[in-house]
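Overview (structure and organization)
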There are 2 protein chains.
Amino acid sequence: MSDDGFALTEGDLLPLALGAALLGTGGGGNPHIGMLRVREVLRRGAAVRVVPIAAMDGDARIGAVGGIGAPVVGMEKIRQGEECLRALRAVEAAAGARIAALISAEIGGANAMEPILTAAQAGLPVIDGDGMGRAFPELQMTTFFIYGHAASPAAIADDKGNVVLFREVVDMYWLERFARHIAVDMGAGAGFALPPLRADFLRGVLVPGTVSEALAIGRALLAARAARQDVVARLADALGARVLFTGKVIDVKRELRGGFAVGAATLAGVGDHAGAVAQIDIQNENLVLRVDGRALAMVPDLIISATLDTGEPVTTETLRFGQRLAVLGRPAHPLMTTPAALRVFGSAAFGYPDLVFTPLAGGR
Amino acid sequence: MSDDGFALTEGDLLPLALGAALLGTGGGGNPHIGMLRVREVLRRGAAVRVVPIAAMDGDARIGAVGGIGAPVVGMEKIRQGEECLRALRAVEAAAGARIAALISAEIGGANAMEPILTAAQAGLPVIDGDGMGRAFPELQMTTFFIYGHAASPAAIADDKGNVVLFREVVDMYWLERFARHIAVDMGAGAGFALPPLRADFLRGVLVPGTVSEALAIGRALLAARAARQDVVARLADALGARVLFTGKVIDVKRELRGGFAVGAATLAGVGDHAGAVAQIDIQNENLVLRVDGRALAMVPDLIISATLDTGEPVTTETLRFGQRLAVLGRPAHPLMTTPAALRVFGSAAFGYPDLVFTPLAGGR
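A brief report on the enclosed structure follows. Since this is a predicted model, take the numbers as computed values, not measurements.

Brief notes about the overall build of chain A
Scanning chain A from terminus to terminus reveals 10 helices and 18 strands. A compact globule built from 364 residues should have a C-alpha radius of gyration of about 21 Å, and chain A, at 19 Å, falls within 12% of that. Oriented by its inertia axes, the alpha-carbon framework of chain A measures out at about 60 × 45 × 40 Å. The burial tally for chain A puts 57% of its 364 residues in the buried class. For chain A, long-range pairs separated by at least 24 residues make up 74% of all intrachain contacts whose partners lie at least 6 apart in sequence.

In structure tokens form, the structure reads like this:
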């Protein structure tokens, strides 16, 4: 199935940001500032097409760009706006390749918007897909790297004029370590560019269709709100997710540990779940959902919290006592649950060595 | 005065290492491992000429390489041996320039040897001079940067295959910050290459003749030992230094503060200085010498500690209770004591805002 995609309009931006925030599973940063920047660029006459990877020639080079900051939720700063573009240019020069399109490594949260902004600036299309179909806190946690993409050349740039090129890097873990420390030096508001990906390689490893999916999810939610429908049911439908729990937040614990926001929220069931107690373990994103002590969903499957009344995405840093939430479970893409993938971002990688991944029913 | 320099022989290496360690003023790392590596390369048939900067064409590009580690004395690791060469190649590629010769940024300590090792590997000469005539703990603390050299492109490489290029860097302080953090990630045994220096620029900003000077100092010391002469007097003569104090170490305090080894040694006078008490303030290198509370010498002038009996250089980490030391003061090169230079490595830069630089008598 090959089509030539669609042009992104100003009206798409709000639903896209909403859908991206939901796919952030509690993390990934807020796409709002990025959305405003993209809107500004579109209003000045730029155009961005969202295209399927099948529309690209096999030897076309795709650039993956995004924001990178301190490994702590909520540390995103307002940035100058061309950081990713400068990182991209550095990678192009180092690789001796012209980039033909951009892709998000992480559709969940703020990094849904960054490639669109850079694409608008550079006059390039954006690929409909990403490297995880959700959010994750570290660079190595993408299908691109898991399935063999080189770790260099990559680059990072700030708003002051600094550009650092990771010219030769042993593996994706070294890239994460170097880039994270430079990002912290740069003040937690840096743009990065991963090594250019060949389109024919990307076809086999991307999580496809996630830009249009985020857009559809956001549109469905906005439509449900406008029509005063049951937003949670409509959201579950749009997400291809099940409502695993509904409850009221009765406790939130959070602390910084090794740069991660680590903690747990406890919910007392309401409605169908009255009498039950749920716990969501958090490491930047929602990691594990337990109901009455039993693990119902776990990383890399998506555990999405939204307010019961309006379906607003609730991030791990906006969790508050008294909130009434729906917790939805969405199966991860099959590329995200292979043994190779689970080694990189299965529960063991987050410090739960004894938790064996049990996929949500309805896995794609 | 133009000459074509001299070929470095195996027999030069020990006196050169000894002289470099003395010019390290208590810091700069131990040149011994570098010396062994250079010896190995020379024995395999490599040759290195030490040439004055005047021997180079004005538009020749000079590479400055060295080891960089955690900002703590004594953290040098045994390294693989080609880190500086790989960093140099990355900088050459980024600058689009072929390097015609190498120079040390820091003649004091281990980084006297690194450019010689890299020169032997690359088949290049080494410039007789450096960027400070002593040792200092941070990258910005060289005459190269103080007198306007660009901060990029620079590079750093480790023994595992990682090469990070600082492609565009706002200033020398940013370069220090980025490079230091990457060096810590790399395991404190990395090689760096500064941006290539044009020979005509370098002529006006290097501290000249310091390689042959280190060699002469080491030779004088070895000769004095062999002849059972007064090593301290001979050393003072070779260093162009005055003996400011002789005494016995009665107290040593050291702690890590902001990555620096900070502390002080107290000496009770012996011989001509019997009855007096000296204190040497330390920040990786010897920073200030006070005798009976009066500051006799201070950074950037060189405060050199050597054992009274054999003239062996005493580094800040080998200072021990009971050692009998001579403390010698050697005036810094005039390029090191201008207002611009004092802003970068005067006593205020080390946290002594009230100490006004009073140059040692006999300044060059």
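After presenting the structure, the write-up continues.
A short note on the interface of chain B and chain A
If you look at the interface, chain B gives 18 residues, while chain A gives 18 residues. Listing elements by their share of the side of chain B that touches chain A, those giving two or more residues are strand E8 (163-168) and helix H6 (172-186) of chain B. Classifying every residue of the side of chain B that touches chain A gives 10 nonpolar, 3 polar and 5 charged. In this sheet, E8 of chain B lies alongside strand E8 (residues 163-168) of chain A in antiparallel orientation, the contact comprising 5 bridges. Considered in E8 of chain B, the bridge of Leu165 of chain A is made with Leu165 of chain B.

Some details on the nonpolar core
Ranked by size, the top nonpolar core spans 260 residues in total, and within it Ile62, Ala87 and Ala155 of chain A together with Ala87 and Ala155 of chain B carry the most contacts. Setting aside anything within four residues of it in sequence, one finds Ala155 of chain B in contact with Ala87, Ala90, Val91, Val163, Val164, Leu165, Phe166, Phe192 and Ala193 of chain B.

Quick look at helix H6 (residues 172-186) of chain A
Residue and element names in this part refer to chain A. An ideal rise of 1.5 Å per residue puts 21 Å on 15 residues; H6 measures up with 20 Å between its terminal C-alpha atoms. The complete set of buried residues in H6 reads Met172, Trp174, Leu175, Glu176, Phe178, Ala179, Arg180, Ile182, Ala183 and Met186. A positive backbone phi angle near 100° is found at Gly187, which sits one or two residues after H6.

As for the relation of the copies chain B and chain A
Relative to chain A, chain B is turned by 180° and slid 0.0 Å along the rotation axis, the superposed coordinates differing by an RMSD of 0.0 Å. With respect to symmetry, the two chain copies, as superposed, fit the operation of a two-fold axis. In terms of C-alpha distance to the rotation axis, chain B has Leu165 of chain B as its closest residue, with the C-alpha 2.4 Å off the axis. When the interface residues of chain B are mapped onto chain A, 100% of them again fall at the interface, so both copies present the same face.

As for the sheet that holds strand E17 (residues 302-307) of chain A
All names here are of chain A. Strand order in the open sheet formed by 7 strands is E16-E15-E14-E13-E12-E18-E17, and the pairing between neighbours is antiparallel. Two strands lie at the open edges of the sheet, namely strand E16 (294-298) and E17, each paired on one side alone. The sheet shows a mean angle of 35° between the axes of neighbouring strands, direction not considered. Looking at chain direction, strand E12 (residues 242-257) and strand E18 (residues 324-330) are connected through 6 bridges and run antiparallel. Each bridged residue has a counterpart across the sheet, and for Arg242 the counterpart in E18 is Gly329.

Digging into the packing of helix H8 (residues 210-226) of chain B against helix H9 (residues 231-239) of chain B
Residue and element names in this part refer to chain B. Relative orientation of the contacting elements H8 and H9 amounts to 160°, with a least axis distance of 9 Å. Comparing the axis directions of H8 and H9 gives the class roughly antiparallel. As H8 packs across H9, the resulting crossing turns out to be right-handed. Taken together, the residues of H9 that come into contact with H8 (itself represented by Ala216, Ile217, Ala220, Leu221, Ala224 and Arg225) are Val231, Arg234, Leu235, Ala238 and Leu239. Residue classes in the contact of H8 with H9 are distributed as 9 nonpolar, no polar and 2 charged.

Quick look at the environment of Thr210 of chain B
All names here are of chain B. Tracing the backbone shows Thr210 in helix H8. In this structure the C-alpha to C-alpha distance between Thr210 and Arg228, which are 18 residues apart in sequence, comes to 26 Å. Not counting residues up to four positions away in its chain, the partners in contact with Thr210 are Ile107, Gly129, Asp130 and Gly133.

Things to note about the packing of H6 of chain A against H6 of chain B
In a pair of packed helices, the angle between the axes and the distance between the axes together describe the arrangement. At a minimum axis distance of 10 Å, the contact between H6 of chain A and H6 of chain B shows a crossing angle of 150°. Regarding the angle of H6 of chain A to H6 of chain B, the classification is roughly antiparallel. Remark: the crossing between H6 of chain A and H6 of chain B carries right-handed chirality. Counting all contacts with H6 of chain A, which are made through Arg177, Phe178, His181, Ile182 and Asp185 of chain A, the residues of H6 of chain B involved are Arg177, Phe178, His181, Ile182 and Asp185 of chain B. The residue makeup of the contact of H6 of chain A with H6 of chain B, split by class, is 4 nonpolar, 2 polar and 4 charged.

Re helix H1 (residues 10-23) of chain A
Residue and element names in this part refer to chain A. Taking 1.5 Å of rise per residue, the 14 residues of H1 would be expected to cover 20 Å, and the 21 Å separating its terminal C-alpha atoms lies within 8% of that figure. Residues of H1 that are buried in the fold lie against helix H2 (32-43), helix H8 (210-226), helix H9 (231-239) and E17. Positioned one or two residues after H1, Thr25 has a phi angle of 50°, which is positive.

Concerning the sheet that holds strand E18 (residues 324-330) of chain B
Residues and elements named next belong to chain B. Strand order in this open sheet of 7 strands is E16-E15-E14-E13-E12-E18-E17, and the pairing throughout is antiparallel. Looking at strand neighbours, the two that pair on one side only are strand E16 (294-298) and strand E17 (302-307), the edges of this open sheet. Sheet twist, expressed as the average angle between the axes of neighbouring strands with direction ignored, equals 35°. One ladder, built from 6 bridges, connects E17 with E18; its direction is antiparallel. When the sheet's bridge partners are listed, Ala306 is paired in E18 with Ala326. The sheet strands contacting H9 are strand E12 (242-257), E17 and E18, and the helix crosses E18 at an angle near 20°.

Scoring rules and cut-offs
Residues numbered from 1 in each chain as written. Chains lettered and ligands numbered in written order. Predicted model: local features only at pLDDT ≥ 70, side-chain atom pairs only at ≥ 80, totals over all residues. Helix = DSSP H or I, 4+ residues; strand = E, 2+ residues; numbered from the N terminus. Rg over C-alpha atoms; globule rule 2.2 N^0.38 Å. Buried ≥ 20, exposed ≤ 12 C-beta atoms within 10 Å, placed from the backbone. Contact = placed C-beta atoms within 7 Å. Nonpolar A, V, L, I, M, F, W, Y, C, P; charged D, E, K, R; others polar. Pairing = 2+ DSSP bridges. Core = buried A, V, L, I, M, F, W, Y, C linked by C-beta atoms within 7 Å. Expected span 1.5 Å × (residues − 1). Least-squares fit on C-alpha atoms with pLDDT ≥ 70 in both. Axes fitted to C-alpha atoms, helices over the stretch in contact; angles between N-to-C directions. Parallel < 35°, antiparallel > 145°, perpendicular 65-115°, else oblique. Left-handed = near helix turned anticlockwise from the far one by under 90°.

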